[in-house]
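# Report on the structure
Listed below are the residues making up each chain.
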Amino acid sequence: MAGNGISRREFLKLAGLASLALAAPPGLHAWAADAPRKLINEIGLANIALKDDATSLSFAFMADTHVPFDDRGIMKKIVRECNARDLDLVLHGGDGVQVGNSHSFASFIKYVRDFKAPFIMAPGNHDTAFSDYADISEWQSRFGIPFFSFDAAHARFIMLNNGNYELGGEQWAFFEKAMQTDRPVFIAMHRPVDGLSKFYTTPMKQSDRFRDAVKRLGAARILNGHEHHYGRYEADGTVYITSGGAGGLLNDGGAENNFHHFMVLHVTGDAIEEEIVKV
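Quick summary incoming for the structure in this document.

The rules behind these values
- Residues numbered from 1 in each chain as written.
- Predicted model: local features only at pLDDT ≥ 70, side-chain atom pairs only at ≥ 80, totals over all residues.
- Heavy atoms only, no water.
- Helix = DSSP H or I, 4+ residues; strand = E, 2+ residues; numbered from the N terminus.
- Contact = heavy atoms within 4.5 Å.
- Pairing = 2+ DSSP bridges.
- Axes fitted to C-alpha atoms, helices over the stretch in contact; angles between N-to-C directions.
- Phe/Tyr/Trp six-rings, centres within 6.5 Å; stacked < 30°, edge-to-face > 60°.
- Lys NZ or Arg CZ within 6 Å of the ring centre and 35° of its normal.
- Parallel < 35°, antiparallel > 145°, perpendicular 65-115°, else oblique.
- Left-handed = near helix turned anticlockwise from the far one by under 90°.
- Patch = residues over 30% accessible without salt bridge, like charges linked within 9 Å, V, L, I, M, F, W, Y side chains within 5 Å.
- Areas by Shrake-Rupley, 256 points an atom, 1.4 Å probe, with all protein chains shown as cover.
- Salt bridge = Lys/Arg side-chain N within 4 Å of Asp/Glu carboxyl O.
- Lys, Arg positive; Asp, Glu negative; His and termini not counted.
- Charge placed at Lys NZ, Arg CZ, Asp CG, Glu CD.
- Buried < 20%, exposed > 50% of the residue type's maximum accessible area, 1.4 Å probe, protein only.

## Some points on the environment of Phe119
You can see Phe119 is positioned in strand β3 (residues 119-121). Spatially, the C-alpha atom of Phe119 lies 6.9 Å from that of Asn41, the residues being 78 residues apart in sequence. What Phe119 contacts, discounting residues up to four positions off in sequence, is Ile40, Asn41, Gly44, Val90, His92, Phe108, Val112 and Phe143.

Below you can see the structure in the form of C-alpha cells.
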C-alpha cells in the first residue's frame, strides 16, 4: 500500500493506526468487486493500473467540494468532466463534505463511486468533527489511513493530513522518509503554507518548517485546497498550487481567480503540464 519502502505494519504504526481494522463500516459497500472489505483509499490504490516503469500519467486534483452544500452542483459536473478524460488517478485534497457526519459522507460517497479513475483522498478540516479538527473518526472509518505515500508510474504521491493545522511528530518522520526518492514528487494536503498569499487566513501552523523541509529534501509540487480559489506560487524552487474551487462557496474579499474548477496534471518524464478546468 505504501510506496515508501516500509512494511505495512511499520506504515500503520507510523500513522498511529496499528490497531485499525481495515474493513468497510456497516452500510458502506465497496464498489470494487475484488475488494469488498477495503476502505475507499485502499480501493483506489488497488485499482491503479499504471506500471511502475511507465513514464507518463495524467491525474486530476480537486479540493473543497463541500457536499452536500456544494454550490450549483459543481461536484456532479466535475465527475462528468473527469470521466470524459483519460485519467489515471483522481486526487482530492480534503473538505469533501461540509460537516464530517454520516449523512454528509453518504452523499459525498455517491459521487466518489461515479469516478472512473481510482479515487484517493486526504482529509480536510471540514471532514472532521469540525468542533474538533483532530477528530477524523468519521472520515477514517470510510477512507482509512489519513497520511500515506504511493508510487504510480514513475512518480511519487504523498498524502498528508494537516486539517488540524499541523503535522504531528510521527507524520513528520513519515514525510521525511517518503521524500527520499528520485521520482517526481506530488504532495497533496488540505491547508496551504503561510507566506504565499495575503488572503490565506488559516494556513498550516508549521509553514516555515514545511517549506524548509521541502527545500532540503528535494523538489516537489505541493497541491492544496482550503482557500476557495485558484492560486499558483513558487518559493525556493517549489511550486505551490492552491486549487480549492471544486464546489464550496468561492472566496470573497478580493482574492483573485475566484472560479469553480479542478486541475489536471499531465506528467511525461520530468515535464509537468498543468491544466485548469473551469466548471
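Read on, since the account is not over.
## Quick notes on the sheet that holds strand β8 (residues 230-235)
Sheet architecture is open: 6 strands sit in the order β4-β5-β6-β7-β9-β8, paired in mixed fashion. Of all strands in the sheet, those bounded by a partner on one side alone are β4 (148-152) and β8. With strand direction ignored, the average angle separating the axes of adjacent strands in the sheet is 20°. Where strand β5 (residues 155-159) and strand β6 (residues 185-188) come together, 4 bridges link them in parallel fashion.

## Focus on the sheet that holds strand β2 (residues 89-92)
Spatially, 5 strands are ordered β3-β2-β1-β10-β11 in an open sheet, and the strand pairing comes out mixed. Of all the strands in the sheet, just β3 and β11 (271-278) have a single pairing partner and so form its edges. Each strand of the sheet is rotated relative to its neighbour by a mean of 25°, with strand direction disregarded.

## Things to note about the packing of aromatic side chains
Applying the stated criterion across every chain, the model contains 16 aromatic pairs. Centroid distance Phe150 to Phe157: 5.1 Å. Interplanar angle 10°. Geometry classified as stacked. Centre to centre, the rings of Tyr200 and Tyr233 are 6.1 Å apart; their planes meet at 85°, and the pair counts as edge-to-face. Taken together, the residues span a long stretch of sequence, with Tyr200 in the loop between β6 and α7 (207-217) and Tyr233 in strand β8 at a distance of 33 residues. When the ring centre of Trp172 is taken as origin, the NZ or CZ atom of Arg209, which lies over that ring, is 4.0 Å away. The side chain of Lys278 reaches across the aromatic face of Phe259, ending 4.5 Å from its centre.

## Notes on the packing of helix α6 (residues 169-178) against α7
Running from amino to carboxyl end, α6 crosses α7 at an angle of 25°, the nearest separation of the two axes being 10 Å. Here α6 is positioned roughly parallel relative to α7, judged by the angle of their axes. When the axes of α6 and α7 are compared, the crossing they make is right-handed. Where α6 approaches α7, its residues Trp172, Phe175 and Glu176 are matched on the opposing element by Arg209, Phe210, Ala213, Val214, Arg216 and Leu217.

## Let's talk about a negative patch on the surface
The grouping of Asp194, Asp208, Asp212 and Asp236 at the surface amounts to a negative patch. Turning to its location among the elements, Asp236 is positioned in the loop between β8 and β9 (238-243).

## Quick look at the pattern of salt bridges
Close approach of charged atoms allows side chains with opposite charge to pair. Following the criterion strictly, the structure yields 9 salt bridges and no others. Note that Arg183 and Asp52 form a salt bridge whose closest N and O atoms lie 2.8 Å from each other. With Arg183 in the loop between α6 and β6 and Asp52 in the loop between α2 (40-46) and β1 (56-62), the pair connects residues that are 131 residues apart, well separated along the chain. Given the relative accessible area of 22%, Arg183 is considered partly exposed. Salt-bridge contacts for Arg216 lead to Glu176; the nearest nitrogen and oxygen are separated by 2.8 Å. A residue pair is termed long-range when its members are at least 10 positions apart, and Arg216 in helix α7 and Glu176 in helix α6 qualify at 40 residues. In this structure Arg216 comes out as exposed when scored by relative accessible area, which is 54%. For Glu176, a relative accessible area of 25% gives the class partly exposed.

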